[in-house]
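A look at the structure
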Amino acid sequence: MSLQHYLVISAMLFTLGIFAVLTRRNAISILMGIELILNSCNLNFAAFSRFVTPPENIDGQIIAIFGIVLAAAEAAVFLAIILAIYREFGSIRPNEVDTLKG
Amino acid sequence: MIVPLISLILLCPLAAFAFFGLMSLARRSVPRQDYLSTAAMLFALVCSLLLLQQVVPHPEPHTVEWISIGKISFSMGFYLDSVTAIMLIVVTLVSSLVHIFSMGYMHGDPRYPRFFAFLSLFSFSMLFLVVSDNLLGIYIGWELVGLCSYLLIGFWFEKDSAANACKKAFLTTRVGDIGMFIGMMMLFTKFSTLALYGEDGIFALAANLSTGDMVWLSIAGVLIFCGAVGKSAQVPLHTWLPDAMEGPTPVSALIHAATMVAAGVYLTARMFPILTETSSLIIAYIGGITALVAATIAIVRVDIKRVLAYSTVSQLGYMMLGIGVGSYVAGLFHLTTHAFFKALLFLGSGSVIHAFHAMHAHSHDEHDAHGHAHADSDANEHTHEDGDSELVHAHGSDIPPDQDMRNMGGLRHKMPITFATMLIATLSISGVPFLFSGFWSKDAILGGVLERAMEWSSVHHYVLFGMALFAAGITAFYMFRLIFMTFFGEPRNQEMHDMAHESPKVMTVPLIVLAVLSFPVVNVLWFNDAYVTPPKQPHIHAPAHAGVFNDTKGTFSLFGVSEAVAAEEEGAHDTHADEGHHGHSPAHTIAMVLSIIVAGLGILLSWLFYHRRTLSAESVATTFRPLYHLFWRKYYFDEFYNGVLVALTVWKARLFAQFDGTVVDGIVNGIGRVTRDILAAFTGFFDNRVVDGLVNRVAQVTWAMGGRIRRIQTGAIQTYLLIVLAGIVVLILVFRAL
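Right, let's walk through the structure included here. Here the structure is a predicted model, which is why all the values come from computation and not from measurement.

Within chain A, the regular secondary structure consists of three helices and zero strands. Starting at the N terminus and ending at the C terminus, chain A contains elements arranged as α-α-α. Computed over its C-alpha atoms, the radius of gyration of chain A comes to 17 Å, more than 25% above the 13 Å expected for a compact globule of 102 residues. Principal axes of the C-alpha set define a box for chain A whose edges measure 50 × 25 × 25 Å. Going through the 102 residues of chain A one by one, you find that 26% of them count as buried. Positive and negative charge centroids in chain A, built from 6 and 7 side chains respectively, lie 11 Å apart.

A few words on unusual backbone geometry. Residue and element names in this part refer to chain B. The omega angle of the peptide bond from Val235 to Pro236 is 10°, so this bond is cis rather than trans. Within the secondary structure, Pro236 is located in the loop between helix H8 (214–231) and helix H9 (240–243). Of note in this structure, Ser192 is not a glycine but carries a positive phi near 55°. If you trace the backbone, Ser192 turns up in the loop between helix H6 (160–191) and helix H7 (202–207). Given a relative accessible area of 48%, Ser192 falls into the partly exposed group. Of note, the phi angle at Ala233 is positive, near 55°, even though the residue is not glycine.

Residue and element names in this part refer to chain B. Direction vectors running N to C along helix H4 (residues 112–131) and helix H11 (residues 260–270) enclose 5°, while the axes themselves pass 11 Å from each other. In terms of orientation, H4 lies roughly parallel with respect to H11. Across the interface between the two elements, Phe122, Met126, Leu129 and Val130 of H4 pack against Met260, Ala262, Ala263, Tyr266 and Arg270 of H11. For the contact of H4 with H11, the class distribution of residues is eight nonpolar, no polar and one charged.

Residue and element names in this part refer to chain B. Note that strand E1 (residues 62–69) and strand E2 (residues 72–78) share seven bridges and pair antiparallel. Looking at E2, one finds that Ile69 is bridged to Ile72. Hairpin connection of E1 to E2: two residues between the antiparallel strands, including Gly70 at a positive phi of 60°.

Contacts between chain A and chain B engage 13 residues on the former and eight residues on the latter. Each partner contributes to the roughly 860 Å² buried at the junction of chain A and chain B, and carbon and sulfur atoms together form 63% of this total. The tally of links between chain A and chain B comes to zero salt bridges. Partitioned by chemical class, the residues of the side of chain A that touches chain B number seven nonpolar, two polar and four charged.

Right, let's get into the packing of aromatic side chains. Working definition: an aromatic ring pair is given by the centre-to-centre distance plus the angle between the planes. All names here are of chain B. Per the stated rule, a full pass over the model turns up 20 aromatic pairs over all chains. On the numbers, 5.3 Å between centres and 55° between planes, the contact of Phe419 with Phe487 is tilted. With Phe419 in helix H17 (residues 416–430) and Phe487 in helix H19 (residues 459–487), the pair connects residues that are 68 residues apart, well separated along the chain. A centroid spacing of 5.5 Å and a plane angle of 75° characterise the contact between Phe419 and Phe488, whose relative ring orientation is edge-to-face. In this pair, Phe419 sits in helix H17 while Phe488 sits in the loop between H19 and helix H20 (494–499), placing the two residues 69 residues apart along the sequence.

With that settled, consider the pattern of salt bridges. Summed over the entire model, instances satisfying the criterion amount to 13 salt bridges over all chains. Ionic pairing is found between Arg93(A) and Glu96(A), a salt bridge with its closest N-O pair at 3.4 Å. Across the pair Asp243(B) and Arg306(B) runs a salt bridge, and its minimum N-O distance is 3.5 Å. Of this pair, Asp243(B) sits in helix H9 while Arg306(B) sits in helix H13 (residues 304–324), placing them 63 residues apart in sequence. Asp243(B) gets classed as buried once you look at its relative accessible area, which sits at 17%.

Once that is clear, we can look at helix H10 (residues 249–257) of chain B. Burial within H10(B) is extensive, with nine of its nine residues counted as buried. Three or more residues of H10(B) are buried, namely Thr249(B), Pro250(B), Val251(B), Ser252(B), Ala253(B), Leu254(B), Ile255(B), His256(B) and Ala257(B).

The next point concerns the packing of helix H3 (residues 82–105) of chain B against H10(B). Residues and elements named next belong to chain B. Between H3 and H10, the least distance of the axes is 9 Å, while the angle of their chain directions is 170°. One finds that H3 runs roughly antiparallel with respect to H10. For the pair formed by H3 and H10, the contact residues are Val94, Ser95, Val98, Phe101, Ser102 and Tyr105 on the first element and Thr249, Pro250, Ala253, Leu254 and Ala257 on the second. Among the residues forming the contact of H3 with H10, the class breakdown is eight nonpolar, three polar and no charged.

Calculation rules
Residues numbered from 1 in each chain as written. Chains lettered and ligands numbered in written order. Predicted model: local features only at pLDDT ≥ 70, side-chain atom pairs only at ≥ 80, totals over all residues. Heavy atoms only, no water. Helix = DSSP H or I, 4+ residues; strand = E, 2+ residues; numbered from the N terminus. Rg over C-alpha atoms; globule rule 2.2 N^0.38 Å. Buried < 20%, exposed > 50% of the residue type's maximum accessible area, 1.4 Å probe, protein only. Lys, Arg positive; Asp, Glu negative; His and termini not counted. Charge placed at Lys NZ, Arg CZ, Asp CG, Glu CD. Axes fitted to C-alpha atoms, helices over the stretch in contact; angles between N-to-C directions. Parallel < 35°, antiparallel > 145°, perpendicular 65-115°, else oblique. Contact = heavy atoms within 4.5 Å. Nonpolar A, V, L, I, M, F, W, Y, C, P; charged D, E, K, R; others polar. Pairing = 2+ DSSP bridges. Buried area = accessible area lost by both parts, 1.4 Å probe. Salt bridge = Lys/Arg side-chain N within 4 Å of Asp/Glu carboxyl O. Phe/Tyr/Trp six-rings, centres within 6.5 Å; stacked < 30°, edge-to-face > 60°.

The values are spatial; any link to function lies outside them.
Here it is as structure tokens:
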């Protein structure tokens, strides 16, 4: 498998993620979209590290692992915020939470 | 020895003043502080007597540098010549006696300690003036003397008349002082120094001036003399001195004999070496006019102290006349003799007033601690039997009854010591021949004037001689009028007469001492030609004329300088020798004969008018009514000053006030109105319309734009994300295109 395959997969994941974030009416689903985006990035890091840099350099892989950890933390914070929003508004639908409307 | 002695003389009264002044301020009473001040003065007197032997013929000043500014430096120092030494003795002696007398006279005054503090300061100021070797020091002493006279004349400041008198004295002398200051500055600009003696002193430098500078020197001399005109109460600035009688009588004695007025004569004598012919003549004329004017005013006074005040003015005129005609020694000699007999006359009059005053205090006004301060209404009701009464009555009601000679009479039995001593002083001032010092000094001046007149065949000096001679006769007349009215005849006011009594010893002893000094015992100091040499004057190129007693050298050279003090005690016999030497100069013989004649005439007339009453003063006054009015009104000097100078000043002040009120205030108010009504209105309009309009417009635009733009802010996250995504896509496209 060449680099292109990885990049295509990654692009597909990213597009799916963006689509989910923009279209879903549920905050949890948006979170899932974000996870897809993050993981598409991780895939890119790992792929570039594997195919572009010399084999002894594993910086890309390490950053990918960091990204996974980051995603986990981010998910925790996100879920906490959603919980708070639910308590406040009684809903987790983003289009109903528009108090900052100008 | 000289410097420590002079320092001691200065420090004694100064320390007394500082100590008791502070005590007085702190309202602490020191037991017997009057004894301490008097002791300080007596100690200064002893030092002065010791100094008499230290005098050398051509002394050098003892100076230290005081202030130096750039290249100019001012020094302070002492100068001790014979004149200084004699002045020191006169001042300390008279001051001591006044201190002693005051212990009795001022007894019971609520401000008794302050009085002695002021007396000490007064003495210090005068002593400082006398010993200074430079004009700056003299000026400092001069102004201090002025200040002290102000404080002491206004000592009973509750009295309006005293408060006014002290202001008058201060302001009038200040007029002269301005002239003196300008004169000093003229000398300073020329010579860059104010030191008088030494190689760089004014006198040494002035002697080398070219004849072209004589006009300039004359002006400077006359201006400095202006200060003396003020201080020594010469016409036309003499009016303060009679008013100065409002002070306590011992102060009058001190001012009139030893300190204040003597300062002017002393200054003129000090400046003698720079007096040119013109300035000398001006001084002589002012002196002569003063002598005559004051003497004629004194004839009609009824207040015992005013008579003496005008007599002082008159005698000061004599001294100035003497110095003005070049009789330096005669002028200073008269200053000395006058100091003693005038102090005696004042203290004697104080004794008389005290006798009456005590009566007032006991019978009418127990609580009033200084009965002088209030005219007693009872006493004013008593009839005026005296000759002047009908005219006097109209003007004279403001005279304190205890000083009014019309209330006195027949006091010689009640107050024998006062009478005897005052009679001696009167004989002395009237110029009764041979036995009294006043005769010798007055005759010295008269002789000096006549001698100068004959020497120069100068009409001026003949006129001056006539004035002086006439004034001498009048002096004898009014002084005996005083004696006759006070001590002879029947008591005119029985109630007051009954209460009168001889003063206590503390007051009579100074009188006796001064009476002894009115005999020619002091003459020896002046008659010794080796002791006093008059300085050279610029317009006299011949060897300096050694004063009036030129030819006494032969007679008196046996008295060495150092033996002068010893000789003073046996002074009485000098007179015989003097008689002899006077014969040498024809001018002096003529002057002496004439002066004896006019004095005798004056005394005779006085006797006829006021004792025998064969002539009636009343009818004479009526006959020469205009003249009488002129004398009574003191030549209208006060009226002139009040009517012209004061009124002019007040009028000018009113004018300026009006100018201030209308023009200056008008301009200020006008500017204010213009600013408020026009300028402020315009800027207000501009501010409201333009500035505020601009600000509001900007705000409105912003507001409107905000209203539109805020629509973008939907609050929906996903919309935002969509826009972000669109932005990224655009950016990518843009970067691809690049």
